[in-house]
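Listed below, chain by chain, are the residues.
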Amino acid sequence: MIDRTVQRTLDPETLGDHLDRLFRAAWALTGSREDAEDLVQETYERVLRRPRFVRKDDDLGYLFRTLRNTYYNSRRTASRRPRIASDLDNLHAASPRTESQPEIAAETNLVLAAVAGLQDPMREVLVAVDVLGLSYAEAGKALGVHENTIPSRLARARLKVVEVLER
Amino acid sequence: MTHEPELTDGLTDEELADLARLADGTLPAARRAEVEARVAASPQLSRIVERQGIALAAIHGTADTGAPARLRAQVDRRRGTRRAPERRRRFDLRVPIAAAAAAALALALVLPGALTGGLSVADAAALGAKPPTQPAPAGVPGTPQLLGAKVDGVPFPNYAAKFGWKPAGARSDSPSDRHATTVYYRKGNRSISYTIVSGHALGRPAAANSTTRAGVEFRTFRDGDRTVVTWERGGHTCVLSAKGVSPAELVALADWRGKGAIPF
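These figures come from a predicted structure and were not determined experimentally.

Caption draft 1: Structural view of the overall build of chain B. A count of helices and strands for chain B gives eight helices and ten strands. Across the 264 residues of chain B, 44% fall into the buried class. In the structure as shown, chain B presents an accessible area of about 13000 Å², 56% of it carried by carbon and sulfur atoms.

The following block contains the structure:
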């Protein structure tokens with residue numbers, strides 16, 4: 001049963017604070033900077049469509065759940081696998097911070113593409129914990145799995161990422 | 001068909017979970033020595049932990065990548081069309097000011113976080129129990145007592161040279177309409193979290209021990225299995241928290257002024 005006393009309205013004014021992390025999470029889910037941009041935009045449109053109620057300090061978890069649902073809905077609709085890697089020669093910097101540092105943009109692309117190439121359960125856990133910074137408990141709640149399943153799955157996901165990066 | 005990586009052959013999920021937690025600093029302090037001993041005795045486990053660290057460093061290295069300006073502008077525009085509903089006025093404005101002040105005082109006594117946007121020191125301390133998501137901030141050239149990270153102009157101290165606590169990571173959060181930055185420090189198998197919250201100071205926890213040093217009040221309390229000390233610097237709430245670190249050690253760190261280099 002939901003305890004209404006610990007809920008509050010999600011304040012649109014604070015949603016921009018999570019934009020950078022959510023963008024990286026979307027990139028790691030889709031494997032494409034362009035798809036990530038579309039996904040985050042659609043996620044915010046969904047969230048802002050009407051007032052939302054969240055538990056205290058669960059803004060990021062709520063946004064991630066919405067991002068994830070939006071991603072799977074669009075993937076089902078498109079009936080296609082996510083693109084894994086973009087052409088390094090055509091890399092676009094994601095922000096002014098990386099525009100002047102193309103090597104950082106390239107590294108980001110490689111790392112997030114490696115994450116995107118993981119199988120869904122491993123990728124989701126790694127995105128929730130290591131990219132977004134959710135706790136194991138928050139990640140479990142966001143992904144609908146028991147908290148105890150998170151760390152072993154995360155360990156495997158990290159090993160896979162290193163394996164891909166070393167190729 | 002999935003193919004289990006060779007490196008994890010023969011390991012249980014519980015063992016793998018311990019290694020993940022060891023690498024990201026969420027392994028309970030009570031179990032750390034035992035797990036570290038097992039890792040030290042096993043090349044297989046050592047290799048796994050090492051690779052956990054490589055993955056974490058690679059992923060945290062992406063933290064410099066922000067959302068494109070175009071996306072931010074779109075989101076800002078969209079947010080502009082839906083603001084949070086204004087709070088319903090809680091009492092008639094004709095209520096005498098004295099009565100309102102008395103009500104606020106009573107509320108503040110009962111709920112320390114009630115007048116500070118709902119965020120409490122315990123909430124801020126809880127951020128320190130989460131894993132880092134960003135690389136450790138670098139030191140400030142020429143000022144070895146400081147790290148480059150700061151919140152509203154309040155810098156984080158660099159404990160490495162004086163105390164041996166080395167910066168090990170960082171994270172940023174936005175709890176209850178605030179910004180909070182946490183820097184993690186490691187020393188051997190222990191870690192501490194230092195959180196600074198933006199905006200005016202949070203309500204002081206009532207059930208806490210109080211120590212005053214050089215005019216600054218430090219309040220210490222237990223939050224679950226963590227020891228927490230909170231104080232103010234530049235009108236901002238600072239929170240140091242850790243497992244397995246004594247209140248006295250935390251207060252000594254909190255009170256360190258680095259020969260005047262650390263502004264209070």
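Caption draft 2: How the structure looks around the sheet that holds strand S9 (residues 226–233) of chain B. All names here are of chain B. Strand order in the open sheet made by the seven strands is S4-S5-S6-S10-S9-S8-S7, with antiparallel pairing throughout. Edge positions in the open sheet fall to strand S4 (166–173) and strand S7 (209–213), since each of these has one partner strand only. Sheet twist, expressed as the average angle between the axes of neighbouring strands with direction ignored, equals 20°. As paired strands, strand S5 (residues 180–187) and strand S6 (residues 190–197) are joined by eight bridges and run antiparallel to one another. Note that in S6 the partner of Val183 across the bridge is Tyr194. Strands in contact with helix H8 (residues 247–255) are S5, S6, S7, strand S8 (216–223), S9 and strand S10 (236–242); relative to S9, the strand with the most contacts, it is inclined by about 25°.

Caption draft 3: Spatial organisation of helix H2 (residues 19–30) of chain A. Residue and element names in this part refer to chain A. Helix length check: H2 (twelve residues) gives 16 Å between terminal C-alpha atoms against 16 Å at 1.5 Å per residue, within 8%. For H2, the tally of buried residues reaches twelve of twelve residues, placing the bulk of the element in the interior. Looking at H2, one finds that the buried residues are Leu19, Asp20, Arg21, Leu22, Phe23, Arg24, Ala25, Ala26, Trp27, Ala28, Leu29 and Thr30. With its phi angle positive at about 80°, Gly31 sits one or two positions after the end of H2.

Caption draft 4: Structural detail: the interface of chain A and chain B. Every contact between the two is made by 59 residues of chain A and, on the other side, 56 residues of chain B. Of the roughly 5100 Å² buried between chain A and chain B on both sides combined, carbon and sulfur atoms contribute 56%. Of all residues in chain A, the largest losses of buried area upon contact with chain B belong to Arg156, Arg158 and Leu159 of chain A, amounting jointly to 13% of the total for that side. Our count for the chain A to chain B interface comes out at seven salt bridges. For Asp13 of chain B, the salt bridge goes to Arg156 of chain A, with nearest N and O atoms at 3.1 Å.

Caption draft 5: Quick look at helix H2 (residues 29–40) of chain B. Residues and elements named next belong to chain B. With twelve residues, H2 should reach 16 Å at 1.5 Å per residue; the first-to-last C-alpha distance of 17 Å fits that figure. Taken together, the buried positions of H2 are Arg32, Val35 and Val39. Viewed end-on, H2 has its buried residues packed into an arc of 85°, placing them on one side of the element. Exposed residues on H2 whose side chains face more than 90 degrees from its buried face are Ala30 and Ala40. Buried residues in H2 make contact with helix H1 (13–24), helix H3 (43–60) and S5.

Caption draft 6: Broad picture of the pattern of salt bridges. Residues and elements named next belong to chain B. Applying the stated rule across the entire model yields 24 salt bridges over all chains. For Arg38, the salt bridge identified is with Glu34, shortest N-O distance 3.5 Å. One end of the pair, Arg38, and the other, Glu34, are both in helix H2, four residues apart, so they sit about a helical turn from each other. Classification of Glu34 as partly exposed rests on a relative accessible area of 41%. Glu249 is the partner of Arg190 in a salt bridge, and the nearest nitrogen-oxygen pair spans 3.3 Å. Of this pair, Arg190 sits in strand S6 while Glu249 sits in helix H8, placing them 59 residues apart in sequence. Linked through salt bridges whose partners overlap, the residues forming this network are Asp18, Arg31, Glu34 and Arg38.

Caption draft 7: Focus on the confidence of the model for chain A. Residue and element names in this part refer to chain A. Per-chain confidence: chain A averages 80 in pLDDT, with 75% of residues scoring 70 or above. Averaged over each element, pLDDT in chain A is lowest for helix H5 (residues 96–99) (46) and highest for helix H7 (residues 120–131) (95). This stretch, residues 82–100, has a pLDDT under 50; its non-local contacts, to residues over four places away or in other chains, come to 48 contacts.

Caption draft 8: Expanded view of the pairing of S5 of chain B. Residue and element names in this part refer to chain B. Counting buried residues in S5 gives six out of eight residues, a clear majority hidden from the surface. For S4 and S5, the ladder comprises seven bridges, and the chain directions are antiparallel. The partner of Pro167 across the bridge, within S5, is Tyr185. Counting the residues between successive antiparallel strands, the hairpin from S5 to S6 contains two residues, one of them, Gly188, with a positive phi of roughly 60°.

Caption draft 9: Up close: the packing of aromatic side chains. Residue and element names in this part refer to chain B. Considering all chains together, one arrives at ten aromatic pairs over all chains under this definition. For the ring pair Tyr159 and Trp256, a centre distance of 5.9 Å and an interplane angle of 50° mean the geometry is tilted. Highlighted residues: Tyr159 in the loop between strand S3 (154–157) and helix H7 (160–163) and Trp256 in the segment after H8, separated in sequence by 97 residues. Both residues of the pair, Tyr159 and Trp256, count as buried. Seen from their ring centres, Phe218 and Trp231 are 5.8 Å apart, and the 40° between their planes marks the pair as tilted. Placement of Phe218 in strand S8 and of Trp231 in strand S9 is noted, with a sequence separation of 13 residues between them.

Rules used in this analysis
Residues numbered from 1 in each chain as written. Chains lettered and ligands numbered in written order. Predicted model: local features only at pLDDT ≥ 70, side-chain atom pairs only at ≥ 80, totals over all residues. Heavy atoms only, no water. Helix = DSSP H or I, 4+ residues; strand = E, 2+ residues; numbered from the N terminus. Buried < 20%, exposed > 50% of the residue type's maximum accessible area, 1.4 Å probe, protein only. Areas by Shrake-Rupley, 256 points an atom, 1.4 Å probe, with all protein chains shown as cover. Pairing = 2+ DSSP bridges. Axes fitted to C-alpha atoms, helices over the stretch in contact; angles between N-to-C directions. Contact = heavy atoms within 4.5 Å. Expected span 1.5 Å × (residues − 1). Buried area = accessible area lost by both parts, 1.4 Å probe. Salt bridge = Lys/Arg side-chain N within 4 Å of Asp/Glu carboxyl O. Arc of directions from axis to C-beta. pLDDT = per-residue confidence, 0-100. Phe/Tyr/Trp six-rings, centres within 6.5 Å; stacked < 30°, edge-to-face > 60°.

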